[in-house]
Amino acid sequence: MKSSVPYVLPEARERVIDLVSRGQYIPAIKLVREATGAGLKEAKEYVDGLKGEAFGRVVPPEVQAKARALIADGRWKDAAKLVRKDTGLGLRASKDYVDAVREGRIPPQPGPVLSDRVRAFKAAGDHESAIALVRAETGMQWDEAQRFVDALR
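Residues numbered from 1 in each chain as written. Predicted model: local features only at pLDDT ≥ 70, side-chain atom pairs only at ≥ 80, totals over all residues. Heavy atoms only, no water.

Let us look at the pattern of salt bridges. It is possible for side chains bearing opposite charge to pair when their charged atoms get close. On inspection of all chains with the given rule, the structure shows 18 salt bridges. The closest approach of N and O atoms between arginine 22 and aspartate 18, which form a salt bridge, is 2.6 Å. For arginine 22, a relative accessible area of 46% corresponds to the partly exposed category. In this structure, the salt-bridge partner of lysine 51 is aspartate 96, at a minimum N-O distance of 3.3 Å. In this pair, lysine 51 is assigned in helix H3 (residues 40-58) and aspartate 96 in helix H6 (residues 91-102), connecting sequence segments 45 residues apart. Each member of the pair, lysine 51 together with aspartate 96, is buried. (Salt bridge = Lys/Arg side-chain N within 4 Å of Asp/Glu carboxyl O. Buried < 20%, exposed > 50% of the residue type's maximum accessible area, 1.4 Å probe, protein only. Helix = DSSP H or I, 4+ residues; strand = E, 2+ residues; numbered from the N terminus.)

Next up, the structure:
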């Protein structure tokens, strides 16, 4: 979403992202308004636009993978519960995170290739998460993902 907020200094932007990552939206909006002179609507839109970046910093990659698998299955409420339980984010922040993933505002975490991440889950004895990761990143059905995971050594 395009924001009509004037330039926000990097220090203020980082403080806003910190507030958003803790689910403190009203103080974040207030800070944007004070720092820029923007109106309420514009400040809220600016804060909403930072949610993806803020949540991408606090939700670990393994939780993101599990949440993405649940979202792919249409289990948005379960994904929000998982994020809340595994990160300590509040209910509203967890729901906002799931919505941001669904809307494509939070891209998958870059990092090691899929097969290496799946092997790490297998080595930890977490076969279910390995399958969930494959499903989330490839769109495979459960049985296809299981075959993929089983084939990795």
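Membership of the largest hydrophobic core comes to 35 residues, with the highest contact counts inside it found for Val16, Val20, Val32, Val47, Phe55, Val83 and Tyr97. Elements that contribute at least two residues to this core include exactly helix H1 (10-21), helix H2 (25-36), H3, helix H4 (61-72), helix H5 (76-87) and H6. Phenylalanine 55 has contacts with Val20, Ser21, Tyr25, Leu89, Ala93, Asp96, Tyr97 and Ile106, leaving out every residue within four places of it along the chain. Ranked by size, the runner-up nonpolar core spans eleven residues in total, among them Ala65, Ala130, Ile131 and Leu152. (Core = buried A, V, L, I, M, F, W, Y, C linked by side-chain atoms within 4.5 Å. Contact = heavy atoms within 4.5 Å.)

The next subject is the packing of aromatic side chains. Note on aromatic pairs: each is described by the distance of the centres and the angle between the planes. For the coordinates displayed, the defined rule picks out one aromatic pair. If you follow lysine 51 out to its NZ or CZ, it ends over the ring of tyrosine 25, 4.6 Å from the centre. A cation sits over an aromatic face here: arginine 102 above tryptophan 76, 3.6 Å from the ring centre. (Phe/Tyr/Trp six-rings, centres within 6.5 Å; stacked < 30°, edge-to-face > 60°. Lys NZ or Arg CZ within 6 Å of the ring centre and 35° of its normal.)

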